[in-house]
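# Analysis of the macromolecular model
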Amino acid sequence: MPDVFLHDTYITSTSAGRWAFVLLSFALGGTLGSFLNVVVYRLPRRMSLSFPGSHCPACGKPIRWHDNVPIFGWLWLGGRCRDCRAPISPRYPLVEALVATASAALAWAELFVPIPPPAFDLPAEYALNLGPYGFHLLLICALIVAALMEYDGHRPPPRMLSLVMAIGLAAGGMWPELRSHAALGASHLAGVLDGVLGGLTALALASLAWPAWVARADREHIARGSTAVAELVLVGIYLGTRELAVAAGVAMLLSTLSRLLGRVWPWWARFGWAGCLAVATLGTIVAMRSAGELDARLLEYDTTTTLIGAGIAIAVAAVAARFAGSARNRAAS
């Protein structure tokens, strides 16, 4: 690894070493994306995630290890099975590329903390910061899985969301430094309470949009609304109140935009709430970490102001989405 140095308690790297770690995180993300493809297909069908191994859906032949390289394996085979030449969906490499890009973006924004050089003529150094990177990568992967399941017409299993929530609360309690804006301090108890506070804030924000989700009062819409609330609570547990407010407001605006575009291009409507929330959450994390400019500006505002702004955005977006759905129903009838 070029330009990476091991000190007594931490690793530092120059800019070249930082880029090398970003490339490694891209490869890690591609591998995770390959696994998430399996999770998205098998979990709603109550299939084992480990057995049988990856195989061609047409002929059932196992995929060779050298053909199972994320992204490049599909390209090398021309999108076809090596044995029966049946086409393999391009969705698999697209998901792998999506997760790889998200992992690389998180690595660039969070994996290294800049260290001020002692002199102007020395190169900048960065301290390796694995905790927040891994913490938020788990959150983004969970949201991507939920988004892909919703795209396929399934609801994410509650046990999956509950497990990721529990991991977030436990990890935040064991390592409070994972939370960038802990409102209650840096103790182990404060780490847990900060996650709980973020989850409760998510419930409060979700209550503004809840009437639009259950307006039809049928079981399916209520179930999907409950899942959407759980996904927002998940983000609150991992990000805390301030960043949750930003992500939630952006996600509701993106959700409204996707509904409006869905009236012209129906496939747009399949990008549900979880997909919009995943994009908004990743964007919020990266924007608030990269270079620190946006983070410094947002810190000028108190949490109450941020929450009020997010609440207004969510309420307006929920009402707009409700009217868009009503207009579509009237046009269909």
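Residues numbered from 1 in each chain as written. Predicted model: local features only at pLDDT ≥ 70, side-chain atom pairs only at ≥ 80, totals over all residues. Heavy atoms only, no water.

### What to know about the pattern of salt bridges
Following the criterion strictly, the structure yields two salt bridges and no others. Residue Asp 83 is joined to Arg 64 by a salt bridge in which the shortest nitrogen-to-oxygen separation is 3.1 Å. Taken together, the residues span a long stretch of sequence, with Asp 83 in the loop between α2 (72-76) and α3 (91-111) and Arg 64 in the loop between α1 (15-42) and α2 at a distance of 19 residues. Judged by relative accessible area, which is 34%, Asp 83 ranks as partly exposed. Close ionic contact of Arg 91 with Asp 152 constitutes a salt bridge, the shortest N to O distance being 2.6 Å. Of the two residues, Arg 91 sits in helix α3 while Asp 152 sits in the loop between α4 (130-151) and α5 (158-174), which places them 61 residues apart along the sequence. Judged by relative accessible area, Asp 152 falls into the partly exposed class, the value being 32%. (Salt bridge = Lys/Arg side-chain N within 4 Å of Asp/Glu carboxyl O. Helix = DSSP H or I, 4+ residues; strand = E, 2+ residues; numbered from the N terminus. Buried < 20%, exposed > 50% of the residue type's maximum accessible area, 1.4 Å probe, protein only.)

### Observations regarding a nonpolar patch on the surface
Judged by side-chain polarity, Val 192, Val 196, Leu 200 and Leu 203 come together as a nonpolar surface patch covering roughly 310 Å² of accessible area. Within the secondary structure, Leu 203 is located in helix α6 (residues 188-213). (Patch = residues over 30% accessible without salt bridge, like charges linked within 9 Å, V, L, I, M, F, W, Y side chains within 5 Å. Areas by Shrake-Rupley, 256 points an atom, 1.4 Å probe, with all protein chains shown as cover.)

### Considerations on the packing of α4 against helix α8 (residues 273-289)
Contact geometry for α4 and α8: axes closest at 7 Å, N-to-C directions at 155°. Compared by their axis directions, α4 and α8 come out roughly antiparallel. α4 and α8 meet at a crossing whose hand is left-handed. Of α8, the residues touching α4 (which contributes His 136, Leu 139, Ile 140, Leu 143, Ile 144, Ala 146, Ala 147 and Glu 150) are Trp 273, Ala 274, Gly 275, Leu 277, Ala 278, Thr 281, Leu 282, Ile 285 and Arg 289. Taken together, the residues that form the contact of α4 with α8 break down as 12 nonpolar, three polar and two charged. (Axes fitted to C-alpha atoms, helices over the stretch in contact; angles between N-to-C directions. Parallel < 35°, antiparallel > 145°, perpendicular 65-115°, else oblique. Left-handed = near helix turned anticlockwise from the far one by under 90°. Contact = heavy atoms within 4.5 Å. Nonpolar A, V, L, I, M, F, W, Y, C, P; charged D, E, K, R; others polar.)

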